[in-house]
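Each chain, written out:
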Amino acid sequence: MAFLIRSSGAVVKDRETMEEILGTCGVSLEFWRVQSSDRTAALLSANSPGAEEMEEILSEQDRYFQKLREALGYQTRDLVVVYPELPGLSAMLDRFRPIHYHEDDEVRYVVDGEGVFGFVLPDGDQVELLVEKGDFIRVPRLLEHWFRLTETRRIKAIRYFTGTAGWVPVYTGTPSLFSGEAARTA
């Protein structure tokens, strides 16, 4: 179960309260059961599935993609696979740790592993949200946020796109109120 931590250290585990807090900045959080045949479950547990295997994982979750395509106009999706031995992992993560925003919505469906999204709320407070397998999150365009991995350094997430523009992070220089380990230690 995902949970949220305020910069004050208060932990929120109630889904309704989390959604209320995140709703103040337009973040949508839902839980979608990961569809998983025996084959897909094995692929999800592998560190680095190949292109065909990644397509199998994506195809098994396509009922959600169809829903997003019809309701919100998403056109493409891919699978991002992150694991401790991934070449260039530290450099990749360094791009997402500073507070930034995107010109387009950031939409993720976690199908394995876990990570932490952080957000700057309208009142300037900051929160971190642990997302895990089954969590679907939509971060609205222009919202200041960041992302980091937990100590497991492992996540597989489907990314949904309406187009190819808008994915360059725009760094704001806003300082983080978190030490970087809050969500994992709660």
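Residues numbered from 1 in each chain as written. Predicted model: local features only at pLDDT ≥ 70, side-chain atom pairs only at ≥ 80, totals over all residues. Heavy atoms only, no water.

Draft legend 1. Representation of the overall build of the chain. The helix and strand tally for the chain stands at six helices and eleven strands. Taking 16 Å as the expected radius of gyration for a compact globule of 186 residues, we find that the chain reaches 16 Å, a close match to that expectation. With the C-alpha coordinates aligned to their principal axes, the bounding extent of the chain is approximately 45 × 35 × 30 Å. Looking at the chain as a whole, 47% of its 186 residues qualify as buried. Taking as baseline every contact in the chain between residues at least 6 positions apart, the subset at least 24 positions apart corresponds to 75%. With the model as given, the accessible surface of the chain reaches about 8900 Å², and the carbon-plus-sulfur share is 51%. Where the 21 positive side-chain charges of the chain centre and where its 30 negative ones centre are 2 Å apart. (Helix = DSSP H or I, 4+ residues; strand = E, 2+ residues; numbered from the N terminus. Rg over C-alpha atoms; globule rule 2.2 N^0.38 Å. Buried < 20%, exposed > 50% of the residue type's maximum accessible area, 1.4 Å probe, protein only. Contact = heavy atoms within 4.5 Å. Areas by Shrake-Rupley, 256 points an atom, 1.4 Å probe, with all protein chains shown as cover. Lys, Arg positive; Asp, Glu negative; His and termini not counted. Charge placed at Lys NZ, Arg CZ, Asp CG, Glu CD.)

Draft legend 2. Representation of the packing of helix 2 (residues 38–45) against helix 3 (residues 51–60) within the structure. Two elements in contact, helix 2 and helix 3, have axes separated by 10 Å at closest approach and are oriented at 125 degrees. By the angle between their directions, the pair helix 2 and helix 3 is classed as oblique. Taken as a pair, helix 2 and helix 3 cross one another with a handedness that is left-handed. Taken together, the residues of helix 3 that come into contact with helix 2 (itself represented by Arg39, Thr40, Leu43 and Leu44) are Glu53, Glu56, Ile57 and Glu60. Residues belonging to the contact of helix 2 with helix 3 are distributed by class as follows: three nonpolar, one polar and four charged. (Axes fitted to C-alpha atoms, helices over the stretch in contact; angles between N-to-C directions. Parallel < 35°, antiparallel > 145°, perpendicular 65-115°, else oblique. Left-handed = near helix turned anticlockwise from the far one by under 90°. Nonpolar A, V, L, I, M, F, W, Y, C, P; charged D, E, K, R; others polar.)

Draft legend 3. Here's a closer look at the layout of surface pockets. Taken as a whole, the largest pocket spans an internal volume of roughly 340 Å³. Along the walls of the largest pocket sit 18 residues, with Val80, Phe96, Arg108, Phe147 and Arg159 positioned nearest its centre. Secondary-structure elements contributing two or more residues to the lining of the largest pocket are strand 4 (76–82), helix 5 (89–96), strand 6 (106–120), strand 9 (145–149) and strand 10 (155–161). (1 Å grid on protein atoms, 1.4 Å probe; cavity = no way out; pocket = protein on both sides within 12 Å on 5 of 7 lines; lining within 4 Å. Points joined across faces, edges and corners; volume = space filled by probe spheres on them.)

Draft legend 4. Highlighting the pairing of strand 6. Strand 6 sits mainly inside the fold: 14 of its 15 residues count as buried. Bridge analysis of strand 6 against strand 8 (residues 135–139) gives four bridges, and the strand direction is antiparallel. Pairing of Tyr109 across the sheet is with Phe136, part of strand 8. In terms of strand pairing, strand 6 meets strand 10 through six bridges, oriented antiparallel. Note on strand 10: the bridge partner recorded for Gly113 is Ile155. Across five bridges, the pairing between strand 6 and strand 9 is antiparallel. Looking across to strand 9, one finds that Phe119 is bridged to His145. (Pairing = 2+ DSSP bridges.)

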